[in-house]
Each structure stands twice: as structure tokens, then as C-alpha cells.
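Architecture at a glance
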Amino acid sequence: MNVFSIDLEDWFHLLDTDAAPSFCDWSELESRVEGNARALLTELDHHCVRATFFVLGWVAERYPQLVCEIAERGHEIASHGYAHELVYEIGRDAFREDLKRSKDAIESAANISPKGYRAPGFSITWKTPWAFDVLAEEGFEYDSSVFPSLRAHGGMSGADPLPSRLANGIDEYPISTVNLAGSRLGYLGGGYLRLMPRIALLHLARSQVRRSEPLILYIHPRDIDLAQPRIDLGALRSLRTYVGLRGCMGKVRALLESFEWGRFEDLRIASSGAGR
Ligand SMILES: [Zn+2]
């Protein structure tokens, strides 16, 4: 069982750059999240795949009908926080408030209480060990915020790369990485997926499946959106943000065709059945 997950946010929800629009300006901007999400929903339907959507609370407030439609089409609704802030920057108390606000927004939109969480920018790190306790205290059962490699922001290099149960009962599902000459490297999501040649992507995923490790994939609606407005982010960040948009949907299709995918809730049922 592998998990296909989508972080439901818009093209302007970029982190760790002063060039990105601020929270106060978000509601004035053109939104492209509905159209891009529907393109992904159509593709998932075509392959009879149900996925987990980590919904940003801000998006749930503005597009409740989209969140309801995602749930009605059989996908799992989880939380991506409310205001898309880096956990290690806002601290414990603000993290708890953001988490509560995201739960409220999702419950108001779709009458669903999310059990899973993914931090914006994989920003649960070695500096925020308290985050897992806050998740448990707020009623979450699992997390998929750990990115067990070095990253420009976020990431937990050296963390266990495989799913595990933490001491406080939270189940952690790290994003898939590969071991390359002793270092772990992301490949199955976002800019890594857009940058990686399709043949290498499929080879790495097949290798992971052969090792009986579940694939944990993530993607954003903007990763498939060639027509999104471009923000002047400087050369390197622009490359990371906009590289490979044209070929991304083709890679998503190839992955959907090549592997068995489901939701985190399916993986959790399968794992408990296997005596995990
Ligand atoms: Zn995000």
C-alpha cells in the first residue's frame, strides 16, 4: 500500500521568501486552486485512486464546496494548518492556535474532523519536538511532516525514514526518500518530482516498493499548473519553484499507472491488520 497525498493550497502559498504575497493580500489574488485540484481529481478518478488531501484551513474557509466535493469523491481530508506558516518559526503556542483554527475551518466546511496533519514546508524539525505532543493533545492520530533529509527549509535529516509509532501514540509517515551515497534525498513530491527524469523517478519508486517500503508521495495543485502567475523569486528559487511544470502531470499519470495507491487511512488499516 502506497499513499498519494496532495497539499491543498494555492500558487501563492510559497514559504521562506519575502517575495511571496503576505497573508493580508491572499484574498485579493487570483485563485487557481479549484481548477488545479479538479484536474488532479479527474486524474485520480481515471485511475480509481483515492488520495489524502492535506487541506489548508484558509482554503477550506474560501472553498468549502471544493472540500466537500473532495470528500464526497472518496478522498481523505486531513489538515495542512491554517495560515501556512513554518512551525519552527511560530513556536508552540501559535502552532496550537493554527492547528485549532485549521480543524475548525475543515469541520465548518465539510463536517469532518481531520485525523492527520502535514506541516507547511515539512517544518516539524529537530527544533520542534513539542509539535508531536501538540498534535496528540489536539486529537490528531497521525502526522506526515517529517522529511528525513536536508532541505532549504524544514526537514529532519537523520530521522527514521520509515513509518513508525512515536512514544505519544502519534503515527509518523515520513515522505519517501532514497539513500544516495550515505545521504537521503527526496524524489517523490513537489520540486523533486518535477526535476527528476521520469525514468529515474519510476526506477527509484520500484526499488523502494521492492524493499517493501510504502511510497509516500506529495504534490501541490500548483505543481501541474503551467499558467500560474510567476513571482520574481530570484534565479535559484525560481528554478526550484517552476522547473518541470510542463511534464509533471505526465509523471503523475505514470506513477498512478505503475503502483497501487491509497489514502493514509487505508495504509493505517492495512498496517494494523498486519500486526503493526
Ligand atoms: Zn504547503
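Residues numbered from 1 in each chain as written. Predicted model: local features only at pLDDT ≥ 70, side-chain atom pairs only at ≥ 80, totals over all residues. Heavy atoms only, no water.

Describing the packing of helix α1 (residues 33-46) against helix α9 (residues 245-258)
This is how the line gets drawn: In this analysis, axes come from line fits to C-alpha atoms, helices being fitted only over the stretch in contact, and the angle between any two N-to-C directions falls in the range 0 to 180 degrees. Each helix corresponds to a stretch of at least 4 residues labelled H or I by DSSP, and each strand to a stretch of at least 2 residues labelled E; elements are numbered beginning at the N terminus. Angle categories: roughly parallel below 35 degrees, roughly antiparallel above 145, roughly perpendicular from 65 to 115, and oblique for all the rest. When the near helix sits turned anticlockwise from the far one by under a right angle, the crossing is termed left-handed; a clockwise turn instead gives a right-handed crossing. By the convention used here, residues are in contact when the closest approach between their heavy atoms is within 4.5 Å. When residue character is reported, Ala, Val, Leu, Ile, Met, Phe, Trp, Tyr, Cys and Pro are called nonpolar, Asp, Glu, Lys and Arg charged, and the others, Gly included, polar.
Direction vectors running N to C along α1 and α9 enclose 25°, while the axes themselves pass 10 Å from each other. One element, α1, and the other, α9, form an angle in the roughly parallel class. Regarding α1 and α9, the two cross each other, and that crossing is right-handed. For the pair α1 and α9, contact is made by A39, L40, E43 and L44 and by M249, R253 and L256, respectively. Partitioned by chemical class, the residues of the contact of α1 with α9 number five nonpolar, no polar and two charged.

Things to note about the environment of P214
On the secondary structure map, P214 appears in the loop between α7 (198-210) and β10 (216-219). Between the C-alpha atom of P214 and that of P120, which follows or precedes it by 94 residues, the distance is 22 Å. Those residues in contact with P214 that lie beyond four places of it in its chain are M1, N2, P163, S176, Q208 and L267.

Remarks on empty space enclosed by the protein
Remark: the empty space left among the atoms is shown by a probe the size of a water molecule rolled over them. Counted only if it meets this: Using protein atoms alone on a 1 Å grid, points that fit a 1.4 Å probe yet trap it form a cavity, whereas open point sets bounded by protein on both sides within 12 Å along at least five of seven lines form a pocket; residues with an atom within 4 Å of a point count as lining. Grid points are joined across faces, edges and corners, and a volume is the space filled by probe spheres set on the points.
Following the criterion strictly, the structure yields one cavity of 30 Å³ or more and no others. Taken as a whole, the largest cavity spans an internal volume of roughly 30 Å³. Together, P161, L162, P163, P174, S176, Q208, P214 and I216 line the largest cavity. Within the lining of the largest cavity, the residues separate by chemical class into six nonpolar, two polar and no charged.

Re the layout of surface pockets
Estimated volume of the largest pocket: approximately 570 Å³. Contributing elements (two or more residues each) for the lining of the largest pocket: α6 (190-195) and α8 (235-242). It is α6 that provides the largest number of residues to the lining of the largest pocket, a total of five residues. Class assignment for the residues of the lining of the largest pocket results in ten nonpolar, nine polar and eight charged. Roughly 290 Å³ of internal volume is contained in the second largest pocket. Class assignment of the residues belonging to the lining of the second largest pocket gives a composition of ten nonpolar, four polar and three charged.

Focus on the pairing of strand β8 (residues 177-180)
As a general feature of sheets, a regular strand has side chains that alternate between the two faces. Convention followed: In short, DSSP must find at least two bridges between two strands for them to pair.
One ladder, built from four bridges, connects β8 with strand β9 (residues 183-186); its direction is antiparallel. The residue bridging T177 from the neighbouring strand is G186, located in β9. Linkage of β8 to β9, two consecutive antiparallel strands, is achieved through a turn of two residues, within which A181 is found at a positive phi near 55°.

Comments concerning a negative patch on the surface
Just so we agree on the cut-off: In this analysis, a patch consists of residues with relative accessible area above 30% that form no salt bridge, clustered at 9 Å for like charges and at 5 Å for the nonpolar side chains Val, Leu, Ile, Met, Phe, Trp and Tyr. Areas reported as accessible are Shrake-Rupley estimates using a 1.4 Å probe. Residue values count occlusion only from the protein chains shown. Each reported salt bridge corresponds to a side-chain nitrogen of Lys or Arg within 4 Å of a carboxyl oxygen of Asp or Glu. All tallies of charge rest on Lys and Arg as positive and Asp and Glu as negative; His and the ends of each chain are not included. Charge positions are represented by NZ for Lys, CZ for Arg, CG for Asp and CD for Glu. Under the scheme applied here, a residue whose accessible area is under 20% of the maximum for its type counts as buried, over 50% as exposed, and between as partly exposed, the area being computed with a 1.4 Å probe on protein chains only.
A surface patch of like charges, here negative, comprises D16, D18, E85 and E89. Looking at the element boundaries, D16 is found in the loop between β1 (2-8) and α1. Residue class for D16 comes out partly exposed when judged on its relative accessible area of 44%.

Quick notes on the coordination of the zinc ion
Short version of the rule: Excluding water, the donors of a metal are its N, O and S neighbours within 2.8 Å, or within 3.2 Å for Na, K and Ca, and that exclusion means sites may look incomplete.
Around the zinc ion, the protein contributes the donor atoms E9 (OE), H80 (NE2) and H84 (NE2), at 1.9 to 2.1 Å from the metal centre. Positions of the donor residues of the zinc ion, expressed as sequence spacing, correspond to E-x70-H-x3-H. Highlighted residues: E9 in the loop between β1 and α1 and H80 in the loop between β3 (76-79) and α4 (87-110), separated in sequence by 71 residues. Summarising the burial analysis for this pair, E9 and H80 share the class buried.

Thoughts on the environment of H80
The criterion, for reference: Polar contact is the term for a pair of N or O atoms within 3.5 Å; when the atoms are in protein, one must be able to donate a hydrogen and the other to accept it, and sequence-neighboring residues count only if both atoms are side-chain atoms.
Residue class for H80 comes out buried when judged on its relative accessible area of 2%. Taking the C-alpha atoms as reference points, H80 and G158, 78 residues apart in sequence, are found 23 Å from one another. Aside from chain neighbours lying at most four places away, what touches H80 is D7, E9, F54, V55, L56, Y117, R118, A119 and P120. Within the local environment of H80, its side chain forms a polar contact with the side chain of E9, the two groups lying 2.9 Å apart.

Quick word on the pattern of salt bridges
For the coordinates displayed, the defined rule picks out 20 salt bridges. Put simply, D171 and R165 hold a salt bridge, and the shortest N to O gap is 2.7 Å. Owing to a relative accessible area of 2%, D171 belongs among the buried residues under this scheme. Judged by its relative accessible area of 55%, R165 falls in the exposed class.

Examining the packing of aromatic side chains
Short version of the rule: Two rings from Phe, Tyr or Trp (for Trp, the six-membered ring) form a pair when their centres are within 6.5 Å of each other. A pair whose planes differ by under 30 degrees is stacked, one over 60 is edge-to-face, and the rest are tilted. As a reminder, the over-ring test applies to NZ of lysine and CZ of arginine, requiring each to be within 6 Å of the ring centre and within 35 degrees of the ring normal.
Scanning the model with the defined rule gives 19 aromatic pairs in all. Centroid distance F23 to Y82: 6.4 Å. Interplanar angle 50°. Geometry classified as tilted. Within this pair, whereas F23 is found in the loop between β1 and α1, its partner Y82 is found in the loop between β3 and α4, the two being separated by 59 residues in sequence. Overall, the relative accessible area of 37% leaves F23 in the partly exposed class. Here F95 and Y117 contribute two aromatic rings whose centre-to-centre distance is 5.6 Å and whose plane-to-plane angle is 70°, an arrangement assigned as edge-to-face. You can see F95 sitting in helix α4 and its partner Y117 sitting in strand β4 (residues 116-117), a full 22 residues away along the chain. Ring pairs connect the aromatic residues W11, F12, F23, W26, W58 and Y82, which therefore count as one cluster. Over the ring of F147 we find R151, and its NZ or CZ is 4.8 Å from the ring centre. The residue whose ring lies beneath R230 is Y242, and the NZ or CZ to ring-centre distance is 4.9 Å.

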